[in-house]
Amino acid sequence: MKRLLYLCVLLNSLHGFSQQKEIPKKYVLDASQFYGSILLHNTDISHLIANHPGGFILGFNRKRFGNEEWESLYGYPDTGFSFIYQNMNNSTLGENFGLYAHYNFYFFKRNLQFRVGQGVAYNTNPYDKNNNFRNNAYGTHLLSSTMVMLNYHKENLFSGLGLKAGLSLIHYSNANFKAPNTSTNTMALNVGLTYDLDGGNTFEFIVPEPIEKITEPIRYNLAFRTGVNESDVINSGRYGFWILSAYADKRLGRKSAIQLGTDVFFSNFLKELIRFQSIGFPELEVASDTDFKRVGLFAGHELFINKMSMVTQLGYYIYYPFDFEGRVYNRIGLKRYFGDKIFGAITLKSHGAKAETVEFGIGVRL
């Protein structure tokens, strides 16, 4: 009898443990309409700012309750996808259709939602030298796009329905894959509804057990990045580039690491730009045999989110024979780890707000 009682207690405790750890999959839809203005970030697009763009944003969100360690570290964010339709209300710029992967982060008792998404967009009317030469913002149909939303957000006010309202910022650019690429940034007001697909069921977040502090020695990284880009001279041609990077990083905890390293740039589009300026603009005094290579030193930060991480770096060219957009450069992007050592990365390299290229990279962390 005692053994039977012991077995029942054991099974009940195991059942209670499994119930505590069982996390439901909960999904929420949202739909918002927006109306705003194109920001004048570059005087070259002043002729394109004539009307107010508008459109709508659709979102599909998976709620996170702490099933994985990273979820509680970042306040139980949502993961999901967004679709944006934007009518620029300007026949020169056309319309944009974008698809994004996003995170929703919450603040102030989960009443303030911050969404950040990265994706691709399709533009219906890019630059054409014969039919649409005034569109110097978009040089290609396919664009890289970033969106951020800061909303007052209240779910499940009535039978699964909720409200959201706030500000949105939507950026479109092809990252100099093809000129022209002046890009646009839209700041907009948005208002919309949310709907819980399960009708508004609520679940408790899992409170994590105390986590041991991560301590690591300095790690060394090697990365190879590549891609295709073009200078701002229209029809100057697209060329491949290669970047070799070596850097050290030091973990500061579960979330962050700091970096220090060097880049060597082999940017072949600069060869054509050097030739073009040496012939077409003798007043610039650019020699035709000027070296196109550059070498930079950079400091950076890496923010770890599960197997993904966000990288930000600020660099300075120490070898800079040809003047292109200044000596300071910056890089921002995403990394994905495959195991403990191998990673892939997609990053945007720019000089301030002026994009130079999108880099596709692979590397090893030793």
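Note that the structure is a prediction, hence the values are computed from the model and not measured.

**Student:** So what's going on with the pairing of strand β6 (residues 142-158)? Which residues, and what values?
**Tutor:** Relative to β6, strand β5 (residues 112-123) runs antiparallel, the two sharing 11 bridges. Across the sheet, residue G119 finds its bridge partner in β6, namely S145. Pairing geometry for β6 and strand β7 (residues 161-173), over 12 bridges, is antiparallel. Counted as the bridge partner of S144 is S173 from β7. Counting the residues between successive antiparallel strands, the hairpin from β6 to β7 contains two residues, one of them, S159, with a positive phi of roughly 50°.

**Student:** Please give an account of the packing of aromatic side chains that cites residues and values.
**Tutor:** Within the structure shown, the criterion is met by 20 aromatic pairs. Ring plane angle 45° and centroid distance 6.3 Å describe the contact between F56 and F83, whose orientation is recorded as tilted. Taken as a pair, F56 in strand β2 (residues 54-62) and F83 in strand β3 (residues 78-87) lie far apart in primary sequence, 27 residues in all. Classification of F83 by relative accessible area gives partly exposed; the value is 28%. Ring geometry for F56 against Y85: centres 5.5 Å apart, planes inclined by 35°, an arrangement best described as tilted. Taken together, the residues F56 in strand β2 and Y85 in strand β3 connect sequence positions 29 residues apart. Site record: aromatic cluster; members linked through ring pairs are F56, F83, Y85 and F97. Above the ring of Y74, the side-chain terminus of K255 is found at 4.9 Å from the ring centroid. The ring centre of Y329 lies 5.2 Å from the NZ or CZ of K349, which sits over that ring.

**Student:** Pulling in residues and values, what's your account of the side chain of N330?
**Tutor:** Locating N330 in the fold gives a position in strand β14 (residues 328-338). Within the structure, N330 has its side chain in polar contact with the side chain of S350 (distance 2.7 Å). Those residues within four positions of N330 in sequence are excluded, and the remaining contacts are Q313, L314, L348, K349, S350, H351 and G352.

**Student:** Lay out unusual backbone geometry in plain terms, naming residues and giving numbers.
**Tutor:** Between A179 and the following residue, P180, the backbone shows a cis peptide bond with an omega angle of 0°. Assignment of secondary structure puts P180 in the loop between β7 and β8 (184-196). Even without a glycine there, the phi angle at S159 is positive, about 50°. With respect to the element layout, S159 can be found in the loop between β6 and β7. Unlike most non-glycine residues, N235 shows phi in positive territory, near 65°. Here N235 lies in the loop between β9 (219-229) and β10 (239-251).

Rules of the game
Residues numbered from 1 in each chain as written. Predicted model: local features only at pLDDT ≥ 70, side-chain atom pairs only at ≥ 80, totals over all residues. Heavy atoms only, no water. Pairing = 2+ DSSP bridges. Helix = DSSP H or I, 4+ residues; strand = E, 2+ residues; numbered from the N terminus. Phe/Tyr/Trp six-rings, centres within 6.5 Å; stacked < 30°, edge-to-face > 60°. Buried < 20%, exposed > 50% of the residue type's maximum accessible area, 1.4 Å probe, protein only. Lys NZ or Arg CZ within 6 Å of the ring centre and 35° of its normal. Polar contact = N/O pair within 3.5 Å; in protein donor to acceptor, adjacent residues only side chain to side chain. Contact = heavy atoms within 4.5 Å.

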